[in-house]
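# Summary of the model geometry
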Amino acid sequence: MPKLKLPAPPIPLPKPLPKRPGAPRQTPVETATEAGISAVDWVDERTSLSGAARWMMFRKVPRGTNWFYTLGSSTMFAFLSQAVTGVFLAMYYRPDAAGGAYESIRYINNEVFLGEFVHGMHKWGSSVMVILIFLHMARTFFFGAYKYPRELNWGIGVALLILTMAMSFTGYLLPFDQRSYWATIVGVNINGTGPLVGPYLSDFLRAGPEFGATTLSRFYAIHMLLIPGIMAALIGAHLYLVAKLGTTAPPWLKPSDPVKKEEKA
Amino acid sequence: MPDRHQTKSKYTTDRRIPGAFEGETVSRRRFMTASAHTAGGVAAMAFVLPSLAFAMGPIFEEQDQPWQDVGSTDEFDTETYVPKTITIASGVGEAGKSTVYMRKYDPQVDVEPKDQYNDFIALSTRCMHLGCPIRFVPAAGRFICPCHGGVYNFRGEVDGGPPVRPLDRFYTRVTSGGRVEVGRRFSVNSEIERFSPRDPGAPLDGIGQYLYPSRPSIRKLPNT
Ligand code: HEM
Ligand code: FES
């Protein structure tokens, strides 16, 4: 039987030689740099994370990569912005259908320091994210990036798109004003028009046959816990596949295209 | 007694299970792996299933729909509709209230047979397109929906626009003290036959009643 062989432990770099006598003393910047490096080294020695970071960040990208390739990351930053502003909105928001929800949003907008700003970021950011996700999807579509071997990543993308829509739908109810109430009534009833399962689906969304006491808290839990968790996991898988498979070259580049002069240099 | 170990096991040899002793149908390693996975699955189901059931419970639970007093019998006539407010969901204050349009049963107008539950007609304001609140316009004698232009006639039947069936109704009854009470909701098809409540957008004529089944959470009164 072959002997079990563990990978060799990462060996720390040799300590730098002491400075020659008379050499200038270390500047604070040098000290800080050294401290930073040794802190990173300390973590890396115990986790080997630098390999993963290098794998993710220093990938080879095809010739012709252009600004359209930033749309995916833009979508991700829109998601992160929604996540962060949403967490802070949750510090003031109350999912109380008897009037507390509306009052808490009014309080955020009118009384809380920067409340209107953070609420506005979340509110407008949701539209920004929907626009960006469609642009990103259009990019991958028109560049043929959905083809083999990236079909699974397209599939994950479709799931993310649906979840983003579900976020918009469940978030719209939360201010609990006339507009969000009636828009949600209409939205739930659209769900209900699906044959056979529709009636049960809308009962599930409303937590019963009528828009009732737990409908709002149900939407709130779906909006801020359930879907964001799933989305974060799926974005992780999406990015893993991007790094694993590499990105596609733009379709106008043919393999036979001669490499342009300036790119050779 | 013949020695069972003399013959080669039909399981181990034929199936070429590596690491299995003769006569074993499964190797010890596989058995341990399977038990560990089963234990993990059971542990996960122990929290996933109750949580799912917890979230889905309201689908199967019948909601309480008590009788509610809306006024005395002399407040309503056959000529026009009187709006009254009832509670359709408790515990949410204003958001749980809804308007019903009330009038007296009129043999000249109404097509459905008279029984103990329709001395007074109570129409729901829920539009049967997608659920916006409709409004009675006395000058037109019709109900108008603000959302997508649904129009209903005096009996609540669709006159135009996207709605798929006549307005929902509520059972009514008269108490011995001469008070009118409004009870459960029911849905109607174009013949004003009573059905268990359906959501807006669900037609009840033809195969509609089977495509959009009634739900355990809300039912009409039995045998009506
Ligand atoms: C939350 C939403 C999403 C995020 C955060 C996200 C993020 C990303 C990122 C950062 C990339 C790297 C390349 C690039 O930016 O173009 C990428 C690639 C990709 N995405 Fe998305 N994406 C999302 C939604 C979608 C959707 C809706 C689709 C399509 C249905 C999709 C399909 C793809 C495909 C096929 C690739 C591979 C592109 C290639 O190999 O050239 N993604 N995604
Ligand atoms: S909801 Fe009434 S017409 Fe659409």
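Note that this is a predicted model, so its numbers are computed, not measured.

What counts as what
Starting from 1, residues in each chain are numbered consecutively following that chain's sequence as written. Starting at A for chains and at 1 for ligands, labels are handed out in the order in which the entities are written. Under the rules for a predicted model, residues below a pLDDT of 70 receive no local features and side-chain atom pairs below 80 are neither given nor counted, while totals for whole chains, interfaces and linings still include all residues. Values shown for side chains rest on all heavy atoms present in the structure; no hydrogens or waters enter the calculation. The helix and strand labels rest on DSSP assignments: H or I over at least four residues marks a helix, E over at least two residues marks a strand, and numbering proceeds from the N terminus. Residues count as neighbours in contact if any of their non-hydrogen atoms are within 4.5 Å of one another. Nearness here has a simple test: a residue counts as near a molecule or strand if at least one of its heavy atoms is within 4 Å of that partner. Between N or O atoms, a polar contact is any pair within 3.5 Å; within protein, one atom must be a potential hydrogen donor and the other a potential acceptor, and residues adjacent in sequence are included only when both atoms are from side chains. Think of it as three bins: nonpolar holds Ala, Val, Leu, Ile, Met, Phe, Trp, Tyr, Cys and Pro, charged holds Asp, Glu, Lys and Arg, and polar takes everything else, Gly as well. In what follows, salt bridge is the name for a side-chain nitrogen of Lys or Arg lying within 4 Å of a carboxyl oxygen of Asp or Glu. With a 1.4 Å probe rolled over the protein chains alone, any residue whose accessible area is under 20% of its type maximum counts as buried; one over 50% counts as exposed, and the rest are partly exposed. Pairing between two strands requires that DSSP report at least two bridges joining them. Atoms of type N, O and S within 2.8 Å of a metal are treated as its donors, and for Na, K and Ca the window is 3.2 Å; water is not considered, so some sites may appear to be missing partners. Put simply, two rings from Phe, Tyr or Trp (the six-membered ring, in Trp's case) pair if the centres are within 6.5 Å, and we call them stacked under 30 degrees between planes, edge-to-face over 60, tilted for the rest. Note on geometry: a ring has a charge over it if NZ (lysine) or CZ (arginine) is within 6 Å of the ring centre and within 35 degrees of the ring normal. To count as a disulfide, a pair of cysteine sulfur atoms needs to be within 2.5 Å. We define a nonpolar core as any set of buried Ala, Val, Leu, Ile, Met, Phe, Trp, Tyr and Cys residues linked to one another through side-chain atoms lying within 4.5 Å.

### Details of the overall build of chain B
When its secondary structure is counted, chain B shows three helices and eleven strands. Overall, chain B shows an N-to-C arrangement of helices and strands of α-α-β-β-β-β-β-β-β-β-β-β-β-α. Here the contacts in chain B between residues at least 6 apart in sequence split such that 45% fall between residues at least 24 apart.

### Thoughts on the site of ligand 1
Residue and element names in this part refer to chain A. As a structural note, the neighbourhood of ligand 1 is formed by 26 residues, with Y69, H136, R139, H238 and T248 the closest of them. Measuring from an oxygen atom of ligand 1, one finds a backbone N or O atom of Y69 at 2.7 Å. H238 places a side-chain nitrogen or oxygen 2.7 Å from a nitrogen atom of ligand 1. Among the secondary structure elements, those contributing two or more residues to the shell around ligand 1 are helix 3 (71–89), helix 5 (115–142), helix 6 (151–173) and helix 9 (215–245). Here the residues of the shell around ligand 1 are counted per class, giving 13 nonpolar, eleven polar and two charged.

### Some thoughts on the pattern of salt bridges
Residues and elements named next belong to chain B. Counted according to the given criterion, the structure contains 21 salt bridges over all chains. Across the salt bridge formed by R179 and D69, the nearest N and O atoms sit 3.0 Å from each other. With a gap of 110 residues between them, R179 in strand 10 (residues 179–188) and D69 in strand 1 (residues 68–72) connect regions that are remote in the sequence. By relative accessible area, R179 is classed as partly exposed at 34%. You can call D69 partly exposed: its relative accessible area is 41%. Close ionic contact of D115 with R194 constitutes a salt bridge, the shortest N to O distance being 2.7 Å. Pair noted here: D115 is in the loop between strand 3 (97–104) and strand 4 (120–124) and R194 is in strand 11 (residues 194–195), with a separation of 79 residues, a long-range link. Relative accessible area serves as the criterion here: at 27%, D115 is assigned to the partly exposed category. You can call R194 buried: its relative accessible area is 16%.

### Brief notes about the environment of T87 of chain B
All names here are of chain B. Relative to the assigned elements, T87 resides in strand 2 (residues 82–87). Assessed through its relative accessible area of 34%, T87 is described here as partly exposed. In this structure, the C-alpha to C-alpha distance between T87 and A140, residues 53 residues apart in sequence, is 28 Å. Beyond its immediate sequence surroundings of up to four residues, T87 is in contact with Q68, G96 and K97.

### Side note on the sheet that holds strand 8 (residues 158–160) of chain B
Residue and element names in this part refer to chain B. With antiparallel pairing, the four strands of this open sheet are ordered in space as 5-6-7-8. The sheet is open, and its two borders are formed by strand 5 (135–137) and strand 8, each paired with just one other strand. Sheet analysis places strand 6 (residues 142–144) next to strand 7 (residues 151–152), joined by two bridges and oriented antiparallel. Its bridge partner lying in strand 7, F143 is registered against Y152.

### A look at the coordination of the iron atom of ligand 1
Taken together, H136 of chain A (NE2) and H238 of chain A (NE2) make up the protein donors of the iron atom of ligand 1, found 2.0 Å from the metal. Residue classification places H136 of chain A among the buried residues on the basis of a relative accessible area of 17%.

### Digging into the packing of aromatic side chains
Across all of its chains, the model carries 26 aromatic pairs over all chains by this definition. With a centroid separation of 5.0 Å and an interplanar angle of 65°, the aromatic rings of Y81 of chain B and F136 of chain B are classed as edge-to-face. Of the two residues, Y81 of chain B sits in the loop between strand 1 and strand 2 while F136 of chain B sits in strand 5, which places them 55 residues apart along the sequence. Across the pair, exposure class does not vary: Y81 of chain B and F136 of chain B are buried alike. The structure contains a cluster of three or more aromatic residues connected by ring pairs, namely Y81, Y101, F136, F143 and F154 of chain B. Here R139 of chain A stacks its cationic end above the ring of Y69 of chain A, 4.1 Å away from the centre of that ring. Across the ring face of F186 of chain B, the terminal group of R194 of chain B is positioned such that the distance to the ring centre comes to 5.1 Å.

### Focus: the state of the cysteines
Residues and elements named next belong to chain B. For the structure shown, the criterion picks out one disulfide over all chains. With a sulfur-sulfur separation of 1.9 Å, C132 is cross-linked through a disulfide to C147. The S-S bond linking C132 to C147 shows a torsion near -85°; that makes this disulfide left-handed. With a gap of 15 residues between them, C132 in the loop between strand 4 and strand 5 and C147 in the loop between strand 6 and strand 7 connect regions that are remote in the sequence. Assessed through its relative accessible area of 2%, C132 is described here as buried.

### Details of the nonpolar core
Counting 18 residues, the largest nonpolar core has Y93, L173, F176, F211 and L216 of chain A as the members making the most contacts within it. Sorting the residues of this core by element identifies helix 4 (100–110), helix 7 (178–192) and helix 9 of chain A as the ones contributing at least two each. Those residues in contact with Y93 of chain A, other than ones at most four positions away along the chain, are A101, S104, I105, I108, L174, L216 and Y220 of chain A. L123, C127, C132 and L167 of chain B belong to the second largest nonpolar core, which has 17 residues in total.

### Focus: the side chain of R139 of chain A
By secondary structure assignment, the location of R139 of chain A is in helix 5. With sequence-adjacent residues up to four places away left out, R139 of chain A is seen in contact with F68, Y69, L71, A145 and T248 of chain A.

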